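Inside the fold
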Amino acid sequence: LAHQGIDPIEHKHQKNIPTFKILCDQVHLIHSAGWRNKKHTAQFKSTLETYAQPYFGTKPVDQITAGDILRCLEPIWLSKQETAKRVKQRISTIFKRAIAQGYRLDNPALNIEQALPPQNKVVNHMRSLPYDQITECIRAIKFSKAQHSTKLALEFLIHTACRSKEVRRACWSEIYFDDGKQLEKAEKVSWVIPAQEMKANREHRVPLSQHCIEILRHAHLNKSHEIDLIFPSIKGVMISDMTMSKLIKSLGYKVDVHGFRTTFKVWRKSV
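A brief structural summary. (Residues numbered from 1 in each chain as written. Predicted model: local features only at pLDDT ≥ 70, side-chain atom pairs only at ≥ 80, totals over all residues. Heavy atoms only, no water.)

As for the state of the cysteines
- Under the criterion given, the structure shown has 0 disulfides.
- The thiol of Cys137 is not disulfide-bonded; the next cysteine sulfur, from Cys212, is found 15 Å away.
- Given the relative accessible area of 1%, Cys137 is considered buried. (Disulfide = S-S within 2.5 Å. Buried < 20%, exposed > 50% of the residue type's maximum accessible area, 1.4 Å probe, protein only.)

Rendered as structure tokens:
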């Protein structure tokens, strides 16, 4: 700019640099269309409004310093560790946008952790069941007084080692008969989970065991033509994760539904 005879300082002020709050709103609007998780979408904006904007929300993004971000994160860095990390990541996202739009050349949130005390690493492991107790657990599920669909869903989850949400939202349209036969006579059946429903965002094919096929046959007996869900609730909607969790705990098993994936991994390593 100087070589062109332009005063760089005057040029910068003529660019109408947005404030951090304004750029937050813009980034939220742009990205929310691609985010599948509505809770994450809402939290992205609310956490920045709560923890970042009181410190530098009205400042133009080119005037915000690493010191501003440090003052924002210090009060919650140790007391609200997970929240603090997410706030830092979201602030960084805003500055990446600022750099892309030419409002500034650096990201002041990039190495801010080096100026903060180390956080305690707290790992919350899902409670799992020893695999030698699985047979007894499945028998208890079958003879429980829970809704038929819920019992089948939980048993299907244990046998496929899939995540709760993947099983709860499973649809008949995702079931494929590899040998071309109908469900009543099929011996080779696959469950193909669409990419958008997977954590890794890739289509996942689950070859079903004979026991899983038998579970589908039981579920098919109560199938409604209007509902594509394999394991619907009484109201015809997806059963909740709490419903499955409540069932397993009511049977005396102090484990997490997600913990059955751990049980499967432990068993797999032992055979």
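Structure shown, so let's carry the discussion forward.
Focus: a nonpolar patch on the surface
- Judged by side-chain polarity, Tyr131, Val266, Trp267 and Val271 come together as a nonpolar surface patch covering roughly 400 Å² of accessible area.
- In this structure Val266 comes out as partly exposed when scored by relative accessible area, which is 44%. (Patch = residues over 30% accessible without salt bridge, like charges linked within 9 Å, V, L, I, M, F, W, Y side chains within 5 Å. Areas by Shrake-Rupley, 256 points an atom, 1.4 Å probe, with all protein chains shown as cover. Salt bridge = Lys/Arg side-chain N within 4 Å of Asp/Glu carboxyl O.)

What about the packing of aromatic side chains?
- Summed over the entire model, instances satisfying the criterion amount to 5 aromatic pairs.
- Seen from their ring centres, Phe20 and Phe56 are 4.9 Å apart, and the 80° between their planes marks the pair as edge-to-face. Within this pair, whereas Phe20 is found in helix H2 (residues 20-32), its partner Phe56 is found in helix H4 (residues 53-56), the two being separated by 36 residues in sequence.
- With a relative accessible area of 1%, Phe56 lands in the buried category.
- Each residue in the set Phe20, Phe56 and Phe95 is aromatic and connected to the rest through ring pairs, giving one cluster. (Phe/Tyr/Trp six-rings, centres within 6.5 Å; stacked < 30°, edge-to-face > 60°. Helix = DSSP H or I, 4+ residues; strand = E, 2+ residues; numbered from the N terminus.)

Some remarks on the sheet that holds strand S2 (residues 189-193)
- Spatially, S1-S2-S3 is the arrangement adopted by the 3 strands of the open sheet, whose pairing is antiparallel. Both outer strands of the open sheet, strand S1 (175-177) and strand S3 (204-207), are each paired with one neighbouring strand and no more. If you compare each strand with its neighbour and ignore which way they point, the axes differ by 30° on average.
- Two strands pair when backbone bridges link them, and S1 and S2 are joined in this way by 3 bridges, in the antiparallel orientation. Residue pairing in the sheet places Phe177 in a bridge with Val189 of S2. (Pairing = 2+ DSSP bridges. Axes fitted to C-alpha atoms, helices over the stretch in contact; angles between N-to-C directions.)

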